[in-house]
Amino acid sequence: MTGRLTGKTALVTGAGSGIGRAIADRFVAEGATVVYTDRDRAAVDEAAAATGGIAITMDIADEQSVEAAFAEAAAQGAAPDVVVANAGVQLFGHDAKVADVDLETWNRTVGINLTGTFLTVKHAVRAMLAASGASGGSIICTGSPTGLNGEGSEFAAYSSTKGGIHSLVRSTAMAYAHDGIRVNTVVPGYTETALVTSISGDADARAGIVSRTPLGRPGTPEDVTGIMVYLASDESSYATGAQFVVDGGMTSL
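Rules and cut-offs
- Residues numbered from 1 in each chain as written.
- Predicted model: local features only at pLDDT ≥ 70, side-chain atom pairs only at ≥ 80, totals over all residues.
- Heavy atoms only, no water.
- Salt bridge = Lys/Arg side-chain N within 4 Å of Asp/Glu carboxyl O.
- Helix = DSSP H or I, 4+ residues; strand = E, 2+ residues; numbered from the N terminus.
- Buried < 20%, exposed > 50% of the residue type's maximum accessible area, 1.4 Å probe, protein only.
- Core = buried A, V, L, I, M, F, W, Y, C linked by side-chain atoms within 4.5 Å.
- Contact = heavy atoms within 4.5 Å.
- Pairing = 2+ DSSP bridges.
- Right-handed = clockwise from strand over helix to strand, strands pointing away.

Opposite charge on two side chains permits them to pair, given that their charged atoms come into close proximity. Per the counting criterion, the structure on display carries 9 salt bridges. Taking the shortest distance from any N to any O, the salt bridge between Asp234 and Lys8 comes out at 2.7 Å. Taken together, the positions of Asp234 in the loop between α8 (221-232) and β7 (243-246) and Lys8 in the segment before β1 (9-13) put the pair 226 residues apart, joining distant regions of the chain. With a relative accessible area of 55%, Asp234 lands in the exposed category. As a salt-bridge pair, Asp45 and Arg41 come within 2.8 Å of each other at their nearest N and O atoms. Of the two residues, Asp45 and Arg41 both sit in helix α2 (residues 41-51), 4 residues apart, roughly one turn of that helix. Relative accessible area serves as the criterion here: at 32%, Asp45 is assigned to the partly exposed category. Residue classification places Arg41 among the partly exposed residues on the basis of a relative accessible area of 38%.

This is how it looks when you write it as structure tokens:
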């Protein structure tokens, strides 16, 4: 049976766990050839092996590593026409209101989230432009409601990087629309991954999040995968430079 992504090749960053792994697994289920990338070699090997995907180690904050990962994917016959720039970090316990954020936290968050997304998008565009007979491609970045509204006031570094990603997506979408490269942002709300739950998943915090979510529950990684499939597929051929919010209605309050 063919899936919605049959014939597509996708590269997903941060695919060793959490949202990234859920996206990559769903893409495989929809028929795509999927390159799982993560800087955690053991995690990405395990994730890719479970679905028959391709595992490549990639540190998004290191341009040589990003460039090498795209080159390795091409060498394995998996030059992507879909790239999901999902990897990122939120430094709970260090990020704070702007007057309380130390420079090390700021620099690390910017280096991974904003610079890392920039490098992923940069080399995704180059790969798509260079592909023989290319007819464009789809780049999908993971944003956050904290980059859109006041919910990010307690996390100055993280919310600033996510706001920057939203702007990067719009400028890239406009720059390469004539090349058929579509660039969009998916904005998940609070999503219960193993990492998030271990850091900030106490009962009171969870109850507070649920109380501010009209649909009455936190998100799961699988909640994000449907919109990702849509944006990776030809069904979204007229969508670019847009934000697709998947947050249970929180940002509408």
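With that settled, consider the nonpolar core. Core analysis: the largest hydrophobic core is formed by 30 residues, its most contacted members being Val35, Ile139 and Cys141. At the level of secondary structure, the elements contributing two or more residues to this core comprise β3 (54-57), α3 (63-75), β4 (82-85), α4 (103-130), β5 (137-142), α5 (156-176) and β6 (181-188). A per-element tally of this core places α4 first, with 6 residues. What Val35 contacts, discounting residues up to four positions off in sequence, is Ala10, Leu11, Val12, Ile54, Ile56, Ala73 and Ala78. In terms of nonpolar packing, the next biggest core, distinct from the first, is built from 25 residues, Leu5, Val34, Ala47 and Val229 among them.

Time to look at the side chain of Thr172. Counting through the fold element by element, Thr172 comes out in helix α5. Those residues within four positions of Thr172 in sequence are excluded, and the remaining contacts are Val121, Val125 and Val183.

On any regular strand, side chains alternate: one points to one face of the sheet, the next to the other face. Bridge count between strand β2 (residues 33-38) and β3: 4 bridges; the pairing is parallel. The residue bridging Thr37 from the neighbouring strand is Ile56, located in β3. Regarding topology, α2 serves as the crossover connection from β2 to the parallel β3, and that connection is right-handed.

Keep in mind these values describe shape, not function.
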